[in-house]
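# Results of the structural survey
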Amino acid sequence: MLLRQVDPVALRIVLAEMPKGAELHTHLSGIPYAEDYLKWAAEDGACIEESSGLIVDGPCVNGTTAVRDAYKCLDVWGRAVNALSVREGVRDNRMWGHDRFFSTFSRFGVAKRDKGRLLAHAAQQAERDRVQYIEVMLSIYGPQWISPWAAEVGWNGKPEECFAQLKQAGLFKDMDSARSELSRAERRQRELVGNGPGSDVKVRYINQIFRGAGPAEVFAQMAWSFELVRRDPRVVGLNMVGPEDSPISMRDYALHMDMLDFFHSKYPDVPIALHAGELTPTLATPEGISSHIKLAVTKGHARRIGHGVALDYEDAPLETIELMKKKGIALEVLLGSNDVILNVSGREHPLTFYLKEEVPVVISSDDMGIARSTLTGEYERAVVDQGLSYMALKRAARNSLEHSFLPGQSLWSNATSLKMVKACYRDEQADQECELFLLGSEKAREQWKLEEKLRRFEDSKVFKRFKEDFTKQISTIIEKGVDVGFGFL
């Protein structure tokens, strides 16, 4: 029995309580809702441009309104919320959310300056979604970004030469400043969260590389990002961001993957996640849509693929699937975002194909504030829109920590069969041997926490209320002989 057959109200109630492990694909500035940004802007004495919805510093003149006054002007407030999200549902670019979605980021303006406030909100929302660990994407650069060095060195098509020149020119001289700024944001986060909700959520960072810049700027961003991950353990990986269908991204996609291939040879231990296949035939030519996922796997050395929607339009999709399975590359499925930006949902979405082909899947939210969703909402959508069972959701939650970029050995000796490592096998309470193992692995500690949370959840009143539906799925799995090595599934 699929959870989709359960009453939708009951479904929401039970999924709101379900432990979900990690959130691996989320952009920091896209997490707050429009109302959050407006509340912060009002507190800061900021203004909003009535024509565009852009939040700017005061004083409020020349077509701007004090955000605190917008509380009393429902039309101004409503237009602002619409400008800062896809709530209004305006059709852009032949698909209702695409252009509106990507243009929203630039309108947050001064309200997103306080990164500590954004981090605090992200941790609190994670707690609300029953998430214990997040890898949040943001831009961690110095005060000059990479502009002076990229302009000085340029791009001549010779990566070894350009990299040496960037280092000699002093590309990394602002890195200590950037890391100190991140530390200040974390202190601000801790001040705002205190011991309240979100205080137990572990946060790590994925540095963003903007793919819509020229080759010199993209290469310099990559150089900076790889070195940043090497120097700062809080920054666990990197990703390329921006519309995949933008003219520069489409023109330079293969070049970007060649650049990543070069840097991977210099920094083989730096984890890479990539947006790839966030395309449809409406957004790209047949040639342009034919190879992005495969290139991200082969040349980009991605350990996780975000979106992956265009798989069936690639030249060799089954080869790509086999590569993903062989290398253990996970799909970050982003159902709400794919619906909003690409107008792809239901049977047109390739999620069930990935699952059938045994590619590990992680459910993520992308930009929940802009799309007006939550990770719990994404789990609901996975059930209602894609027909996933409780066991599939549970596997996705476990996958989220298995495919995180946390350091250390996995709790699972075999992630496919879900057999625990010998030190912890069949332990419901960690004995001395298991505790010693967990002490040596940050990843395994988070996975152990998730297993404990899942056990409590499955013993809870809310779960037992709908147990008859769920256990039909569980018993099916038991009959297939899955050996979890724990006191519960």
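### Quick word on the environment of Val218
Assignment of secondary structure puts Val218 in helix H10 (residues 215–231). In sequence terms Val218 and Trp155 are 63 residues apart; their C-alpha atoms lie 9.7 Å from each other. Setting aside residues no more than four positions away along its own chain, Val218 makes contact with Ile209, Phe210, Arg211, Ala213, Met240, His256 and Met259.

### Here we look at the side chain of Gln386
Residue position: Gln386 is located in the loop between helix H17 (375–384) and helix H18 (390–402). Judged by its relative accessible area of 8%, Gln386 falls in the buried class. Reaching out from Gln386, the side chain makes a polar contact with the side chain of Asp385 at a distance of 2.8 Å. In this structure, Gln386 is in contact with Leu335, Ser345, Gly346, His349, Leu351, Thr352 and Arg381, ignoring residues within four places of it in sequence.

### Topic: the pairing of strand E1 (residues 21–27)
The element E1 is largely enclosed, with a buried count of 7 among its 7 residues. Relative to strand E5 (residues 131–138), E1 runs parallel, the two sharing 5 bridges. From the neighbouring strand, Ala22 faces E5, where its bridge partner is Tyr133.

### Some points on the state of the cysteines
Counting across every chain of the model gives 2 disulfides. Covalently, Cys47 is tied to Cys60 through a disulfide, its sulfur atoms 2.0 Å apart. The disulfide joining Cys47 to Cys60 has a torsion of about -90° about its S-S bond and is therefore left-handed. Placement of Cys47 in strand E2 (residues 47–49) and of Cys60 in the loop between strand E3 (55–56) and strand E4 (64–66) is noted, with a sequence separation of 13 residues between them. Here Cys47 falls in the buried class, since its relative accessible area comes to 0%.

### Quick notes on the confidence of the model for the protein chain
Low-confidence regions, as indicated by low pLDDT, have predicted coordinates that should not be scrutinised in detail. Overall, the prediction assigns the protein chain a mean pLDDT of 91, with 92% of residues at 70 or greater. When the criterion is pLDDT under 50, residues 91–95 qualifies, and its contacts beyond four places in sequence or with other chains add up to 13 contacts. Low pLDDT (under 50) marks residues 471–489, which in the prediction has 47 contacts with non-local residues, meaning those over four places away or in another chain.

### Some details on H17
Here H17 lies mainly inside the structure; 8 of its 10 residues are buried. Taken together, the buried positions of H17 are occupied by Leu375, Thr376, Gly377, Glu378, Tyr379, Glu380, Ala382 and Val383.

### Quick notes on the environment of Trp77
Residue position: Trp77 is located in helix H4 (residues 74–83). Spatially, the C-alpha atom of Trp77 lies 9.5 Å from that of Gly53, the residues being 24 residues apart in sequence. Residues in contact with Trp77, not counting those within four places in the same chain, are Glu35, Leu38, Ala70 and Tyr71.

### Brief notes about the packing of H18 against helix H20 (residues 442–458)
Where H18 contacts H20, the axes come no closer than 9 Å and their chain directions differ by 155°. Looking at the two axes, H18 sits roughly antiparallel to H20. Like other packed secondary-structure pairs, H18 and H20 cross with a definite hand, here right-handed. For the pair formed by H18 and H20, the contact residues are Tyr390, Lys394, Ala397, Arg398, Leu401 and Glu402 on the first element and Lys443, Glu446, Gln447, Leu450, Glu451, Leu454, Phe457 and Glu458 on the second. Among the residues making up the contact of H18 with H20, the classes are represented as 6 nonpolar, 1 polar and 7 charged.

### Let's talk about the sheet that holds E4
Ordered by their spatial adjacency, 3 strands build an open sheet running E3-E2-E4, and the pairing between neighbours is antiparallel. At either margin of the open sheet sits one strand with a lone partner, and together these are E3 and E4. Two strands pair when backbone bridges link them, and E2 and E4 are joined in this way by 3 bridges, in the antiparallel orientation. Paired with Cys47 across the bridge in E4 is Ala66.

### A look at the pattern of salt bridges
In this structure the tally under the stated criterion is 28 salt bridges. For Glu319, the salt bridge goes to Lys294, with nearest N and O atoms at 2.7 Å. Remark: Lys294 occurs in helix H12 (residues 292–298) and Glu319 occurs in helix H13 (residues 317–327); sequence separation between them is 25 residues. Of the residues examined, Glu319 reaches a relative accessible area of 48% and is grouped as partly exposed. Exposure remark for Lys294: the relative accessible area of 27% places this residue in the partly exposed category. Among the ionic pairs, Lys449 bridges to Glu446, the shortest N-O distance being 3.2 Å. Of the two residues, Lys449 and Glu446 are both situated in helix H20; the distance of 3 residues between them amounts to about one turn of the helix. For Lys449, a relative accessible area of 39% corresponds to the partly exposed category. In this structure Glu446 comes out as buried when scored by relative accessible area, which is 4%.

The rules behind these values
- Residues numbered from 1 in each chain as written.
- Predicted model: local features only at pLDDT ≥ 70, side-chain atom pairs only at ≥ 80, totals over all residues.
- Heavy atoms only, no water.
- Helix = DSSP H or I, 4+ residues; strand = E, 2+ residues; numbered from the N terminus.
- Contact = heavy atoms within 4.5 Å.
- Buried < 20%, exposed > 50% of the residue type's maximum accessible area, 1.4 Å probe, protein only.
- Polar contact = N/O pair within 3.5 Å; in protein donor to acceptor, adjacent residues only side chain to side chain.
- Pairing = 2+ DSSP bridges.
- Disulfide = S-S within 2.5 Å.
- pLDDT = per-residue confidence, 0-100.
- Axes fitted to C-alpha atoms, helices over the stretch in contact; angles between N-to-C directions.
- Parallel < 35°, antiparallel > 145°, perpendicular 65-115°, else oblique.
- Left-handed = near helix turned anticlockwise from the far one by under 90°.
- Nonpolar A, V, L, I, M, F, W, Y, C, P; charged D, E, K, R; others polar.
- Salt bridge = Lys/Arg side-chain N within 4 Å of Asp/Glu carboxyl O.

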